[in-house]
Amino acid sequence: MEEECNCKMWSPLFIVLLFLSVTLVFGKPIPTTLEGPFEPVTQIFDSSLRQGSDDLPMTNSRLAKKVNSTFPEQIALAISSPTSTWVSWVTGDAQIGTNVKPLDPSTVASEVWYGKESGKYPFVQKGTSTVYSQLYPYEGLLNYTSGIIHHVKLEGLEPGVRYYYKCGDSSLLTMSEEHVFETFPLPGPNVYPRRIAVVGDIGLTSNSSTTLDHMIENDPSMLLMVGDLTYANQYLTTGGKGASCFSCAFPNAPIRETYQPRWDGWGRFMEPLISRVPMMVIEGNHEIEPQAGGITFKSYETRFSVPSQDSGSNSSFYYSFNAGGIHFIMLGGYIDYNSTGAQYAWLKKDLHLVDRSVTPWLVAAWHPPWYNSYSSHYQEFECMRQEMEALLYQYGVDVVFNGHVHAYERMNRVYNYTLDPCGPVYITVGDGGNIEKVDLEHADDPGKCPSPGDNTPEFGGVCHLNFSSGPARGLFCWDKQPEWSAYRESSFGHGILEVWNSTFALWTWHRNQDLYNDSYGDQIYIVRQPQLCSVNTSNSVTSSSKNTSSPVTSNSMNNRNSVTLNVGFYGLKRHFSLLSGFIYWLFYIVIIIASVLF
């Protein structure tokens, strides 16, 4: 009998690990924020791509109703707490016309059957149902009343467990097909959602379809939707064809009209993804939708369940939630954000309660960006920045996601327009694919700087400022890409955030065209530095630049571990980070080889 060979070094596992190790050493390295600040980069728009596309018609198979009116459709999930999940859906037929009569929600029950095995549902939870109307007091405009919208909160769920569920009304024999979702682990510094998709301004175009297909292929465990969902307000109430510019196409409209059936189409369009992973949503300007009686945001508030009560906000316009070791804060740009208001008071309390030993990562999201070098919406929400930025900086927010601008832009770490190694990484992903098309012009392009009277927000005041220090001193716009803008590109797409541990997270921006060539548009490791950037949780905070016209760092912020905030120090850190990165990967490779051989 031959002696058994124990030559592990030639095992398939060893070969694979060796290949990965060589790739790590000789392949193109992924940069980290420790190497920043980076020289600004602009990727020129690919003229072979379309700048935009028309909306899909309501007859499109992705938007058309596929079930009998009594059966559930537009099924969606949302996180409520680490042990509870919202399930929402719609039954019945919406109506549009001059004389619409709301459906009676009491005629249909709201039930969810669920369990840990496919086909077995030992648990039953009941919830609530409602309808809403969009009414216009103008002759010739059509009114709308929704189908019955159901919300059921599943409580007492086990963390990190797969659940199978059906929803509907069992007494009417109208339960849905089986769906499945997986709960997140309990908050902790060593457990994180596998992959988080981030997108904004998605709409319902053919570009939106590519974005959604790409997201589904990337298999996220959660979707962060940073506002501007359906673009139903690009239509007249009579429907027809939507416009990329409402006021241009319909200058005589008595009000910003909407075609509400687009909301139903959007719910069907998104269901393949959000019926199995939670979608956490925040409002954008396209959700305002004014109607009779000064009512706004009716569609948004009625259709979505968010953990407002769980997070103590009692408002669907701002709330927070945990997903493993990440604490998410969702803020409203179209509701009072002043430091004397309810949202600010809630935010301050919520931040104070965050335990970074349990949820090391602090991620914020809202619709309109504060840092934006595109002409579109340039300095539009400067007032909000001046009110809130210092508070977010004080508590050490790591990453901020925004939409609104229909392009991609990632910033260097910045605070108060100053490069700062302790500032958040701001990322704009308002490039989901909507009918308004992609934004191309930059405020620093010749002749493209908006006038101070442009870009007036739909909510809040105007606080446009000229810079009083730095390369743009005395100017409203830079004459080159700002130093705080690390990378920008005009293309449709979405992002994926993969948090690996309490220090490292991989951010990847996927352009729609990358779906076909297995590449990506932008990628970077976001690295937390809690030792360098200690969090000041004192109750006092001074706004970074409130009521000023210059980017000046507040004295109260200089107490964050006595960090020197000049660019020289920030740049010096790159050399140490490169050396430490090389040592880390070399050590990692040695460990892999040793574990295989011995």
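Residues numbered from 1 in each chain as written. Predicted model: local features only at pLDDT ≥ 70, side-chain atom pairs only at ≥ 80, totals over all residues. Heavy atoms only, no water.

Colleague: Looking at this model, I keep getting lost on the packing of helix α2 (residues 206-217) against helix α4 (residues 261-274). Mind explaining?
Modeller: Between α2 and α4, the least distance of the axes is 10 Å, while the angle of their chain directions is 15°. The orientation of α2 relative to α4 falls into the category roughly parallel. For the element pair α2 and α4, the recorded crossing hand is left-handed. When α2 is examined against α4, the residues Ser208, Ser209, Leu212, Met215 and Ile216 are found in contact with a partner set consisting of Phe269, Met270, Pro272 and Leu273. (Axes fitted to C-alpha atoms, helices over the stretch in contact; angles between N-to-C directions. Helix = DSSP H or I, 4+ residues; strand = E, 2+ residues; numbered from the N terminus. Parallel < 35°, antiparallel > 145°, perpendicular 65-115°, else oblique. Left-handed = near helix turned anticlockwise from the far one by under 90°. Contact = heavy atoms within 4.5 Å.)

Colleague: What is the right way to look at α2 in this model?
Modeller: Given 3.6 residues per helical turn, the α-helix brings residues three or four places apart onto the same face. Between its first and last C-alpha, α2 extends 17 Å over 12 residues, near the 16 Å set by a 1.5 Å rise per residue. Of the residues making up α2, those classed as buried are Asn207, Ser208, Ser209, Thr210, Thr211, Leu212, His214 and Met215. Looking at the buried positions of α2, the neighbouring elements they touch are β14 (196-199), β15 (222-225), α4, β26 (493-499) and β27 (504-511). Backbone nitrogen of Asn207 and a side-chain oxygen of the N-cap are separated by 3.1 Å at the start of α2; the cap is Thr205. (Expected span 1.5 Å × (residues − 1). Buried < 20%, exposed > 50% of the residue type's maximum accessible area, 1.4 Å probe, protein only. Polar contact = N/O pair within 3.5 Å; in protein donor to acceptor, adjacent residues only side chain to side chain.)

Colleague: Help me understand empty space enclosed by the protein, please; the structure alone is not making it clear to me.
Modeller: Unfilled space is identified by rolling a water-sized probe across the atoms. Enumeration over the complete set of coordinates arrives at 5 cavities of 30 Å³ or more. By volume, the largest cavity amounts to about 190 Å³. Taken together, 17 residues line the largest cavity, and the ones lying closest to its centre are Gln74, Ala76, Ser88, Arg303 and Phe304. Looking at the lining of the largest cavity, the elements that each hand over two or more residues are β2 (73-81), β3 (84-91), α4 and β16 (279-281). Looking at the lining of the largest cavity residue by residue, the classes come out as 12 nonpolar, 4 polar and 1 charged. In this structure, the second largest cavity encloses a volume near 120 Å³. (1 Å grid on protein atoms, 1.4 Å probe; cavity = no way out; pocket = protein on both sides within 12 Å on 5 of 7 lines; lining within 4 Å. Points joined across faces, edges and corners; volume = space filled by probe spheres on them. Nonpolar A, V, L, I, M, F, W, Y, C, P; charged D, E, K, R; others polar.)

Colleague: Sorry, what's going on with α4 here?
Modeller: Taking 1.5 Å per residue as the helical rise, α4 with its 14 residues ought to reach 20 Å, and the 19 Å between its terminal C-alpha atoms agrees with that figure. Arg268 marks the point of greatest bend in α4, at about 25°, and the proline Pro272 comes within the next four residues. Among the 14 residues that make up α4, 13 are buried, leaving the element largely enclosed by the rest of the structure. (Bend = angle between axes of the 7 residues up to and from the residue.)

Colleague: Looking at this structure, how should I read the state of the cysteines?
Modeller: Disulfides are covalent bonds that link the sulfur atoms of two cysteine residues. By the definition in use, this model includes 4 disulfides. The disulfide that involves Cys449 links it to Cys477, with 2.0 Å between the sulfurs. Judged by the torsion about the S-S bond (80°), the Cys449/Cys477 disulfide is right-handed. A residue pair is termed long-range when its members are at least 10 positions apart, and Cys449 in the loop between β24 (425-429) and β25 (485-489) and Cys477 in the loop between β24 and β25 qualify at 28 residues. Since its relative accessible area comes to 35%, Cys449 is described here as partly exposed. By sequence order of its bonded cysteines, the protein has the disulfide arrangement 1-2, 3-6, 4-8, 5-7. (Disulfide = S-S within 2.5 Å.)

Colleague: How should I be thinking about the packing of aromatic side chains in this particular structure?
Modeller: Aromatic ring pairs are reported here in terms of the distance separating the ring centres and the angle at which the planes meet. In total, this model carries 32 aromatic pairs according to the counting rule given. Ring geometry for Tyr132 and Tyr144: centres 5.8 Å apart, planes at 45°, overall tilted. On the criterion of sequence distance, the pair formed by Tyr132 in the loop between β7 (128-130) and β8 (133-134) and Tyr144 in strand β9 (residues 143-145) is long-range, its members being 12 residues apart. Classification of Tyr144 by relative accessible area gives buried; the value is 2%. Look at Phe401 and Trp507: their rings are 5.1 Å apart centre to centre, the planes differ by 40°, and that puts the pair in the tilted class. Of this pair, Phe401 sits in strand β20 (residues 399-402) while Trp507 sits in strand β27, and the two are 106 residues apart along the sequence. Look at Phe401 and you get buried, because its relative accessible area is 0%. (Phe/Tyr/Trp six-rings, centres within 6.5 Å; stacked < 30°, edge-to-face > 60°.)

Colleague: Any chance you could explain the sheet that holds β7 here in plain terms?
Modeller: One key point about sheets: their strands pair by backbone hydrogen bonds, in either a parallel or an antiparallel sense. One open sheet accounts for 4 strands, arranged β2-β3-β10-β7; its pairing is antiparallel. Both edges of this open sheet fall to β2 and β7, since each of them pairs with a single strand only. Averaged over all pairs of adjacent strands, the angle between their axes in this sheet comes to 20°, without regard to strand direction. Here β7 runs beside strand β10 (residues 148-154); their pairing, made up of 3 bridges, is antiparallel. Within β10, the position partnered with Ser129 by the bridge is His150. (Pairing = 2+ DSSP bridges.)

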